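Notes for the structure review
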Amino acid sequence: MVQPATKASVQGDFRRGRIVLRGQAFTLSERDGAFYVSDSYLTGHIQEHRGYTLGNRRIQHYLTKLADGRIIVLPPSWDVVRKQWFHNLDIDDPDQAPGVQVQIWNKHCYSCHVSQEEKNFDRRTGEYKTTWLDFGTNCERCHGAGLAHVEHQRSGQPAATGDIVVQTRLDPWRNTQVCAQCHSLRDIYANGYEAGANYFDYFLPVLEFAYPSNGDPAYFADGRTRRFSNDTLGLWQSECFLQGGATCVNCHREPHDTDIDKNPQLRADRNRLCTGCHSNLARDKEQAVAKHTHHAPGSAGRSCVECHMPRTVTSIKAQIRDHSISIPVPENTIRHGIPNACNACHKDRDAAWTLKQMTSWYGESSREKWIRRADAFSLARKGDPRATPLLLAILANPQEGPIARANAAGHLGRFSFDPEVFKALTNAIGDAHPLVRAIAAINLRPGPADRAAAMEPLDRALGDPAAIVRIGAVATLVSLGVRDLPDEQDEQFRRAKLAFAARAEHYADDANQQTAAGRFFLLTGDPAAAADALELSRRLDPEAPVAYLLAYAYAQRGEAARAREILEKIPSADPQFGAAQRLLHQLPPQN
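As a starting point, this report considers the structure included with it. (Residues numbered from 1 in each chain as written. Predicted model: local features only at pLDDT ≥ 70, side-chain atom pairs only at ≥ 80, totals over all residues. Heavy atoms only, no water.)

Okay, empty space enclosed by the protein next. The final tally for this structure, using the stated rule, is four cavities of 30 Å³ or more. Put simply, the largest cavity is a space of about 120 Å³. Residue lining of the largest cavity: 16 residues in total, with R224, I327, P328, V329 and P339 positioned closest to the centre. Partitioning the lining of the largest cavity into residue classes produces nine nonpolar, four polar and three charged. Lining of the second largest cavity is provided by 13 residues; of these, F35, H49, R50, G51 and Y62 occupy positions nearest its centre. Every element with two or more residues in the lining of the second largest cavity is listed here: β4 (34–39), β6 (51–54) and β7 (59–65). Class assignment of the residues belonging to the lining of the second largest cavity gives a composition of nine nonpolar, three polar and one charged. (1 Å grid on protein atoms, 1.4 Å probe; cavity = no way out; pocket = protein on both sides within 12 Å on 5 of 7 lines; lining within 4 Å. Points joined across faces, edges and corners; volume = space filled by probe spheres on them. Nonpolar A, V, L, I, M, F, W, Y, C, P; charged D, E, K, R; others polar. Helix = DSSP H or I, 4+ residues; strand = E, 2+ residues; numbered from the N terminus.)

The sheet built from four strands is open, its strands ordered β2-β3-β4-β5 with antiparallel pairing. Single-partner strands in this sheet number two, and they are β2 (18–21) and β5 (47–49). Between one strand axis and the next, the sheet turns by 30 degrees as a mean value, whatever way the strands run. Alignment of β2 against strand β3 (residues 24–31), held across four bridges, turns out to be antiparallel. Of the residues in β3, the one forming a bridge with V20 is A25. (Pairing = 2+ DSSP bridges. Axes fitted to C-alpha atoms, helices over the stretch in contact; angles between N-to-C directions.)

Let us now look at the state of the cysteines. In a disulfide, the sulfur atoms of two cysteines are covalently bonded to one another. By the definition in use, this model includes zero disulfides. Of the cysteine sulfurs around C240, a residue in no disulfide, the closest is that of C274, at 6.8 Å. Cysteine C248 remains unbridged, with the sulfur of C179 as its closest cysteine sulfur at 3.7 Å. (Disulfide = S-S within 2.5 Å.)

Under the definition given, this model contains 37 salt bridges. Between R16 and D13 there is a salt bridge, and its shortest N-O distance comes to 3.2 Å. The closest approach of N and O atoms between E127 and K129, which form a salt bridge, is 3.8 Å. Overall, E127 belongs to the partly exposed group, its relative accessible area being 31%. Salt bridges sharing partners connect three or more residues here, namely E535, R538, R562, E565 and K569. (Salt bridge = Lys/Arg side-chain N within 4 Å of Asp/Glu carboxyl O. Buried < 20%, exposed > 50% of the residue type's maximum accessible area, 1.4 Å probe, protein only.)

Summed over the entire model, instances satisfying the criterion amount to 24 aromatic pairs. With a centroid separation of 4.9 Å and 50 degrees between ring planes, the pair formed by W173 and W236 is classed as tilted. With W173 in helix α4 (residues 172–180) and W236 in the loop between α5 (231–235) and α6 (239–242), this pair connects stretches of sequence that are 63 residues apart. Look at Y548 and Y552: their rings are 6.3 Å apart centre to centre, the planes differ by 35 degrees, and that puts the pair in the tilted class. (Phe/Tyr/Trp six-rings, centres within 6.5 Å; stacked < 30°, edge-to-face > 60°.)

For helix α23 (residues 511–523), spanning 13 residues, the distance from its first C-alpha to its last is 19 Å, which sits close to the expected 18 Å at 1.5 Å a residue. Listed in full, the buried residues belonging to α23 are A511, Q513, Q514, T515, A517, G518, F520, F521 and L522. Among the structural elements, β17 (186–188), α21 (467–479), α22 (487–506), α24 (527–540) and α25 (547–556) are those in contact with the buried residues of α23. Where α23 starts, the residue carrying a side-chain oxygen 3.0 Å from the main-chain nitrogen of N512 turns out to be D510. (Expected span 1.5 Å × (residues − 1). Contact = heavy atoms within 4.5 Å. Polar contact = N/O pair within 3.5 Å; in protein donor to acceptor, adjacent residues only side chain to side chain.)

Let us look at the environment of G126. Secondary-structure assignment places G126 in the loop between β14 (121–122) and β15 (127–128). Leaving out residues up to four positions away in the same chain, G126 has contacts with D68 and F121.

Turning next to the pairing of β7. Each regular strand displays side chains that alternate between the two surfaces of the sheet. A large share of β7 lies buried, amounting to six of its seven residues. The sheet contact formed by β6 and β7 spans four bridges and is antiparallel. Its bridge partner lying in β7, G51 is registered against T64. Bridge count between β7 and strand β9 (residues 76–79): two bridges; the pairing is antiparallel. Opposite Q60, over in β9, you have W78 as the bridge partner. Sheet analysis places β7 next to strand β8 (residues 71–73), joined by three bridges and oriented antiparallel. Bridged to K65 within β8 is I71.

As a further point, take the packing of α23 against α24. Taken N-terminus to C-terminus, the directions of α23 and α24 make an angle of 160 degrees; their axes are 8 Å apart at the nearest point. In terms of orientation, α23 and α24 fall into the roughly antiparallel class. Note that α23 runs across α24; the crossing there is left-handed. Across from A511, Q514, T515, A517, G518, F521 and L522 in α23, the residues of α24 making contact are P527, A529, A530, A533, L534, L536, S537 and L540. Of the residues assigned to the contact of α23 with α24, the class counts are 11 nonpolar, four polar and no charged. (Parallel < 35°, antiparallel > 145°, perpendicular 65-115°, else oblique. Left-handed = near helix turned anticlockwise from the far one by under 90°.)

In structure tokens form, the structure reads like this:
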């Protein structure tokens, strides 16, 4: 993915010299085998940049390192397929920086494009000293530590089973987690994931309920993936995975060949990957496939992937296949605008026509699961309490799979005042799957009458095998005002708080994460750590709404003068103005 920008790696046409993108001029040049992009975009005066390439198959971006260590994506990007330059802000939302909009590669693109990357953000100076071991994906990213394997090979002794991780020897969950370390939208809870380890000790998937509502969502209303780089969360929702244990490498049999378009078994007209498992279609193949598909030989409708993996996932200037391996659901097209495979081909027909055809061929029951999810999740996003029984049914049904059930638990957090919801979430903290447990723990918001009943499952979760559950539980306990617990539980509580703090340190370059950390530290009775986090948040984003919290932290530290200075600057239009005035009156008088 990332390489030094050389003649061997650069695909863009730098001979074009001057280009104009979004009204901004850029100069492209090559000298002595090095490639340069010159612009006045970042600083207002002409600067020449060189650095790295990012991507090479469909799109290629160009990265450069700034004096403060930020590695940014330069505006000109090259469309490999269409052979044209375009502005990278046409495809993604940027970070806001003083005067300019830039994408910071070593902040938001951390950990996937190179191997053994260390962000190394210095919270005192605001500088990055990012390092990595290898460009691209090295052997150890997918096979774990390799020293023992190398020593066995050099010794001339027979290879020892277990001296290196081989995905096909892992159970379906651990197998697919090797790919999920990059191919999933996730919140990093801890560094150091290695192939074969438990993904849920290091990452919390960002599910549909938690994704902000905007014009370019990561998920469709039914929870299926809509944006790229999230294929594993699609597969984890599929019946092929849930019922059949299908993994990424069952289909991607040549994982070392990154150009999947050249993998012959993945051609759309090759059904053998599917009929190999679906033996009912493999027997008396032509007749069975004809009966199942109701389409003529050679048509797109006879292709398994065209119907069950349509190109509905939005990538960079491309549409890629949906890995939830689901079925066309025209009801969701009509109600929620979710595309379906039938109308992707039959563009001259509407979803009502598709609904009639699907019902006549397959009945209605096969689509109920996806309809139920779309209805439930859409209502929940609107805060409509009619979502509650639908969400409770999804959460209670193991056949729905952990992704959908965890998403239901997340949405149920919006209705925690409901006694039935509270009971369901407390029960879910003891669920069989760590993702469901973690989301339930994070989203349990008991009222005063339910606080005591919430303590027992949350206390128990502090000893959970999965780190994301322990950290979720401690965040909720602290939000309930818990500062210590008795005996052995207090040690678990202490370790969970340390894990939360370590996660916050990983996000030392993120203002929102530091605001959340500041609140956490205030609630744990650590105003010094809270002040450090909130000051950092304000340095990262001068508009961060942390003034009152910061003043409160200084007041708790006994620094009344510093607290007063901050409070007196909070304007009357600020939502915290009233609280600020009350705190001002509580401070000791000035000398």
